[in-house]
Amino acid sequence: MSGYLVSDTRKVTTHRFIEMKQRGEKISMLTSYDFTTATIVDGAGVDGILVGDSASNVMVGNSTTLPMTVEQMIYHAKAVARGAKRALVVCDMPFGSYQVDRKEGVKNAIRIMKESGCDALKLEGGAEIIDTVKGILDAGIPVMGHLGLTPQSINKFGTYAVRAKEEAEAEKLLSDARLLDDAGCFSVVLEKVPAKLAAEGSKAIGVPTIGIGAGNGTDGQILVVDDMLGMTKGFSPRFLRRYADLNTVMTDAIGQYVTDVKDCSFPSEDESY
């Protein structure tokens, strides 16, 4: 394997996530939604790949994550699982697949695991869904929690602004993080919360926290791959660092292809049979 910083090519597991926290090694995660991207992301050495319901925005063009279905998440997760050889593959449970009751949540979780080949599932929420989380864990399925800004609840909050700035909400976040840890979740995503609170939450629980817009005190970081590679435009939150400008690279390449086709320079004699 030719990962940039990875010499250990063993498959990453949920247990290794916890080991990484214990020895103070930061966890790197990115999203992926297709086989080709997952192969590249995995080969570059990330520890975990999230098949996010952000596919709703990135892949489909929806304004929220709410429209994603179990079937669509299985489709994307199956493609990513085929491409990832080392990274832990986590799949989002989409809106409506676990909020109704424990029985339905467990049933959908089992289906996603069986049909997608992913390694774990992610659910948004704390005390409100803890019974379902426990049911999924009891079924032998690893669960990653998700607190702070929870995009599936966007219509409830009405904004994508930073969460838990007020004391009451901050206390609830810490309480929910402990609940998820006690229930047996192997990690917890903290999205768009104050850095000080995220650092406090990371110290308060035994399992790793994965931050996005939560400062540097979490045990790991995650970004949407299309955003950090600069494929998307018009989305520039403070927490996003762009590591490339693929939008420009791709546009220039495609523009040159169009030109070459129009002026008959492609295909050349050497590119013909």
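Residues numbered from 1 in each chain as written. Predicted model: local features only at pLDDT ≥ 70, side-chain atom pairs only at ≥ 80, totals over all residues. Heavy atoms only, no water.

Visitor: How would you sum up the pattern of salt bridges? Please name residues and give values.
Guide: Any two side chains of opposite charge can pair, so long as their charged atoms come close to each other. Considering all chains together, one arrives at twelve salt bridges under this definition. One salt bridge in this structure joins Asp 131 and Arg 102, with 3.0 Å as the shortest N-O distance. One end of the pair, Asp 131, is in helix H6 (residues 130-138); the other, Arg 102, is in helix H5 (residues 102-116), with 29 residues separating them in the sequence. Ionic pairing is found between Asp 176 and Lys 172, a salt bridge with its closest N-O pair at 2.7 Å. (Salt bridge = Lys/Arg side-chain N within 4 Å of Asp/Glu carboxyl O. Helix = DSSP H or I, 4+ residues; strand = E, 2+ residues; numbered from the N terminus.)

Visitor: Run through the packing of helix H2 (residues 35-43) against helix H4 (residues 70-83), naming residues and quoting values.
Guide: Running from N to C, H2 and H4 cross one another at 40°; their axes reach a closest spacing of 7 Å. Accordingly, the angle class assigned to the pair H2 and H4 is oblique. In this structure, H2 crosses over H4, and the sense of that crossing is right-handed. Between H2 and H4, the residues in contact are Phe 35, Ala 38, Thr 39 and Asp 42 and Ala 79, Val 80, Arg 82 and Gly 83, respectively. Residue composition of the contact of H2 with H4, by class: four nonpolar, two polar and two charged. (Axes fitted to C-alpha atoms, helices over the stretch in contact; angles between N-to-C directions. Parallel < 35°, antiparallel > 145°, perpendicular 65-115°, else oblique. Left-handed = near helix turned anticlockwise from the far one by under 90°. Contact = heavy atoms within 4.5 Å. Nonpolar A, V, L, I, M, F, W, Y, C, P; charged D, E, K, R; others polar.)

Visitor: Run through H6, naming residues and quoting values.
Guide: Given 3.6 residues per helical turn, the α-helix brings residues three or four places apart onto the same face. Residues Ile 130, Thr 132, Val 133, Gly 135, Ile 136 and Leu 137 constitute the buried set of H6. Gly 140, located one to two residues past H6, shows a positive phi value of around 90°. (Buried < 20%, exposed > 50% of the residue type's maximum accessible area, 1.4 Å probe, protein only.)

Visitor: Report on the nonpolar core, specifying residues and quantitative values.
Guide: Generally speaking, a soluble globular protein has its nonpolar side chains buried in company with each other. Counting 55 residues, the largest nonpolar core has Leu 121, Leu 123 and Val 133 as its most contacted members. Every residue in contact with Leu 121, bar those within four places of it in the chain, is listed here: Val 90, Cys 91, Met 93, Ala 109, Ile 112, Met 113, Ile 141, Pro 142, Val 143 and Met 144. Val 12, Ile 27, Val 90 and Met 144 belong to the second-largest nonpolar core, a separate cluster that totals 15 residues. (Core = buried A, V, L, I, M, F, W, Y, C linked by side-chain atoms within 4.5 Å.)

Visitor: Help me get a handle on the packing of aromatic side chains, residues and values and all.
Guide: Counted according to the given criterion, the structure contains two aromatic pairs. Ring centres 5.8 Å apart and planes at 70° place the aromatic pair Phe 17 and Phe 186 in the edge-to-face group. Within this pair, whereas Phe 17 is found in helix H1 (residues 14-22), its partner Phe 186 is found in the loop between helix H8 (167-183) and strand E6 (187-191), the two being separated by 169 residues in sequence. Phe 186 matches Phe 17 in its accessibility class, with the two residues each being buried. (Phe/Tyr/Trp six-rings, centres within 6.5 Å; stacked < 30°, edge-to-face > 60°.)

Visitor: How would you sum up the pairing of strand E8 (residues 220-223)? Please name residues and give values.
Guide: Of the strand pairs in this sheet, strand E1 (residues 27-31) and E8 are connected by four bridges, and their pairing is parallel. By the bridge assignment, Ile 27 is partnered in E8 with Gly 220. The sheet contact formed by strand E7 (residues 209-212) and E8 spans two bridges and is parallel. Considered in E8, the bridge of Gly 211 is made with Gln 221. (Pairing = 2+ DSSP bridges.)

Visitor: I'd like to hear about unusual backbone geometry, residue by residue, with values.
Guide: Looking along the chain, the bond that leaves Phe 266 and enters Pro 267 is cis, with omega of -5°. Mapping Pro 267 onto the fold places it in the segment after helix H11 (246-262). With a phi angle near 60°, Ala 164 is a residue other than glycine that sits in the positive phi range. Residue classification places Ala 164 among the buried positions, given a relative accessible area of 4%. A positive phi angle, close to 65°, is found at Cys 264, a residue other than glycine.

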